[in-house]
Amino acid sequence: MAASFLEIVELPTGEIVLRRSDDEGEPLLTMKFSEEAKQYLEGDHLQVAKVMFDAGMREVAELTRPQSSEEEIPENRVLH
């Protein structure tokens, strides 16, 4: 995926989307909270969505990080 800025936007439909800021095309991710969830979160649903998107992006970064072919073993380890 090419490097670009991402933005989180709440659409008039109530959906919260993650999209490229320079693109009006299809969102990368879409999230929608029920009215019950919005009431429970007392209006903080957008903040919760930001945290959820952030956690997802961190996980993707971790999963796509190149893995070492050999397990790194510290030289000063002690075996018992």
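Our subject is the structure that appears above.
Counting from 1, residues in each chain are numbered in the order their sequence is written. pLDDT decides what is reported in this predicted model: residues at 70 or higher carry local features, side-chain atom pairs at 80 or more are listed and counted, and totals for whole chains, interfaces and linings draw on all residues regardless. With hydrogens and water set aside, each side-chain value is computed from the structure's full complement of heavy atoms.

Novice: What is the right way to look at the sheet that holds strand S3 (residues 29-31) in this model?
Specialist: As a general point, the strands of a sheet are linked pairwise by backbone hydrogen bonds and lie either parallel or antiparallel. Any two strands with at least two DSSP-identified bridges between them are counted as paired. Secondary structure elements are taken from DSSP: a helix is a run of H or I of four residues or more, a strand is a run of E of two residues or more, and numbering for both begins at the N terminus. If you walk across this open sheet you meet the 3 strands as S1-S2-S3, and the pairing is antiparallel. In the strand order of this sheet, the two ends are held by strand S1 (6-10) and S3, each with one partner. Geometrically, the sheet is characterised by an average inter-axis angle of 20° between neighbouring strands, direction not taken into account. Sheet topology note: the strand S2 (residues 16-20)/S3 ladder contains 3 bridges and is antiparallel. The partner of Leu-18 across the bridge, within S3, is Leu-29. Whether two residues touch is decided by their heavy atoms; if any such pair falls within 4.5 Å, the residues are in contact. Orientation is described by lines fitted to C-alpha atoms, with helices fitted over the stretch in contact, and by angles between N-to-C directions that extend from 0 to 180 degrees. Across the sheet, helix H2 (residues 45-64) touches S1, S2 and S3, and the angle it forms with S2 is around 45°.

Novice: Sorry, what's going on with the nonpolar core here?
Specialist: Buried together is how nonpolar side chains tend to be arranged in soluble globular proteins. The biggest cluster of nonpolar side chains holds 6 residues, and these are Ile-16, Leu-18, Met-31, Phe-33, Ala-49 and Phe-53. Residue assignment for this core shows that the elements contributing at least two residues are S2 and H2. In this structure Phe-33 touches Ile-16, Lys-38, Leu-41, His-45, Val-48, Ala-49 and Met-52, once residues within four positions along its chain are discounted. Grouping buried Ala, Val, Leu, Ile, Met, Phe, Trp, Tyr and Cys residues that are joined through side-chain atoms within 4.5 Å yields what is termed a nonpolar core. Relative accessibility under 20% of the residue-type maximum defines a buried residue, over 50% an exposed one, and the middle range a partly exposed one, all with a 1.4 Å probe and only protein chains included.

Novice: For this particular structure, what's the right way to read H2?
Specialist: Think of an α-helix as turning once every 3.6 residues; residues three or four places apart then point the same way. The first and last C-alpha atoms of H2 sit 28 Å apart over 20 residues, in line with the 28 Å expected at 1.5 Å per residue. What H2 keeps buried is the set His-45, Ala-49 and Phe-53. Along H2, the residues classed as buried sweep out an arc of 75° about the axis, all on the same side. The secondary structure elements touched by the buried residues of H2 are S1, S2, S3 and helix H1 (35-40). Here the expected length of a helix is defined as 1.5 Å per residue gap, with one fewer gap than residues. Arc, as used here, means the arc of the directions from the helix axis to the C-beta atoms.

Novice: Hey, could you run me through the side chain of Arg-19 in this one?
Specialist: Its location among the elements puts Arg-19 in strand S2. If sequence neighbours within four positions are ignored, Arg-19 has contacts with Phe-5, Leu-6, Glu-7, Val-9, Leu-11, Glu-24, Pro-27 and Leu-28.

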